[in-house]
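Summary of structural features
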Amino acid sequence: MRVSNLTEKIDAVKRTIEEACLRSGRVPQDVLLVAVTKRFPEEVVEAAWENGLRAFGENYVQEGVKKIQGLKEKGITPEWHLIGHLQKNKARQAIRHFDWIETVDSKELLGRISRIAQEEKRRIRCLIQVNISMDPGKSGILPGDVEDILRYAANLEDSPVSIEGLMTITRYSQDPEAARKWFRALRELRDTIMESGTLPFNLKHLSMGMSNDYPVAIEEGATIVRVGQALFGPRE
Ligand SMILES: *Cc1c(COP(=O)(O)O)cnc(C)c1O
């Protein structure tokens, strides 16, 4: 599979990121573009890597690990982000191969990640997934419970888990403005927690925004945007 005009699409997304930064008084170096390659084959990652992209996101552990291993054999070693729900029984595989787990959504899962990472001698960067819109059908910690899981994380001894911020997946809408209030709410939640000053973490990252609304997310403070289709075209 070949993505048509990949170089142009990558340039366009980077330009859009720069423009959103300019509008909001931010610098592009503070926004990490995670290219989401779920359901795209290895050669698409390879082409994106050749075009300079260095961070990739996958939703499913099995699909991701297969690509990660195949690409590693070719010397292609980007930073890999797990952005889909992590089932308990896949935690070990995920920890062995991914650098980031963006979808920590329970204390139980966090405890397990910490223990397994210790066993595997892997340092792992994590984000707490927040169900910011309190959507009944969505996974993620409810906003009111985020401090509680952070307190739990703070009490894990000698943990190789580094808690670096919050992540959210908002409901898809054609209107890029639809999610603005939720992006803002995630940032405000982060700011409130940090201002309380009682937790030993710097929650510097906010992972929010996808192809349809990443410029809005950047205006609201995203430091990680997860973009697939705007780079690679529609998924089958
Ligand atoms: C698929 C996916 C994305 C990317 O969506 P696009 O519409 O392809 O940009 C981002 N985040 C998560 C959690 C996803 O599942």
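The structure we're discussing is the one just above.
Residues numbered from 1 in each chain as written. Predicted model: local features only at pLDDT ≥ 70, side-chain atom pairs only at ≥ 80, totals over all residues. Heavy atoms only, no water.

1. Re the site of the ligand
Condition: Neighbouring residues are identified by heavy atoms, a residue being near a molecule or strand if any of them is within 4 Å of it. Polar contacts, as used here, are pairs of N or O atoms within 3.5 Å; protein pairs need one atom able to donate a hydrogen and one able to accept it. Residues neighboring in sequence count only if both atoms are side-chain atoms. For the accessible areas, the method is Shrake-Rupley and the probe is 1.4 Å, while residue cover comes only from the protein chains on display. Computed over the protein atoms alone on a 1 Å grid, cavities are sets of points where a 1.4 Å probe fits but cannot get out and pockets are open sets with protein on both sides within 12 Å along at least five of seven lines; a residue lines them when it has an atom within 4 Å of a point. A cavity or pocket is said to hold a molecule if more than half of that molecule's atoms lie within 2 Å of its grid points.
All residues in the neighbourhood of the ligand are listed as Val36, Lys38, Asn59, Ile83, Ile169, Met210, Ser211, Arg226, Val227, Gly228, Gln229 and Arg235. One of the side-chain nitrogen or oxygen atoms of lysine 38 is found 2.7 Å away from an oxygen atom of the ligand. Asparagine 59 is positioned with one of its side-chain polar atoms (N or O) 2.7 Å from an oxygen atom of the ligand. For the ligand, whose unbound accessible area comes to 380 Å², protein coverage reaches 89%. One can see that the ligand is located within the largest pocket.

2. Quick notes on the packing of aromatic side chains
Let me state the cut-off plainly: The aromatic pairing rule takes the rings of Phe, Tyr and Trp, using the six-membered ring of Trp, and pairs them if the centres are within 6.5 Å, calling planes under 30 degrees apart stacked, those over 60 edge-to-face and the rest tilted. In DSSP terms, a helix is any run of H or I states spanning at least four residues, a strand is any run of E spanning at least two, and both are numbered starting from the N terminus. Burial classification: accessible surface area is computed with a 1.4 Å probe over protein chains only, and a residue below 20% of its type maximum counts as buried, one above 50% as exposed, and the rest as partly exposed. The criterion is that NZ of a Lys, or CZ of an Arg, lies within 6 Å of the ring centre and within 35 degrees of the ring normal, and then a charge sits over that ring.
Summed over all chains, the structure comprises two aromatic pairs. On the basis of an interplanar angle of 55° and a centroid distance of 5.4 Å, the ring pair of phenylalanine 40 and phenylalanine 232 is categorised as tilted. One end of the pair, phenylalanine 40, is in the loop between strand 1 (32-36) and helix 2 (42-50); the other, phenylalanine 232, is in helix 9 (residues 229-232), and 192 residues separate them in sequence. Like phenylalanine 232, phenylalanine 40 is buried. Judged by centre distance (5.7 Å) and plane angle (40°), the rings of phenylalanine 56 and tryptophan 80 are tilted. On the criterion of sequence distance, the pair formed by phenylalanine 56 in strand 2 (residues 55-58) and tryptophan 80 in strand 3 (residues 79-82) is long-range, its members being 24 residues apart. The ring of tryptophan 49 carries the charged tip of arginine 54 above its face, separated from the ring centre by 3.7 Å.

3. With respect to the side chain of aspartate 105
Heads up, the rule is: By the counting scheme adopted, Arg and Lys are positive, Glu and Asp are negative, and His together with the chain ends is not counted. Every case where a carboxyl oxygen of Asp or Glu lies within 4 Å of a side-chain nitrogen of Lys or Arg is listed as a salt bridge.
Note on placement: aspartate 105 falls in the loop between strand 4 (100-104) and helix 5 (107-120). Despite its burial, aspartate 105 remains without a salt bridge, the nearest opposite charge being carried by lysine 88 at 10 Å. At 3.1 Å, the side chain of aspartate 105 forms a polar contact with the side chain of histidine 85.

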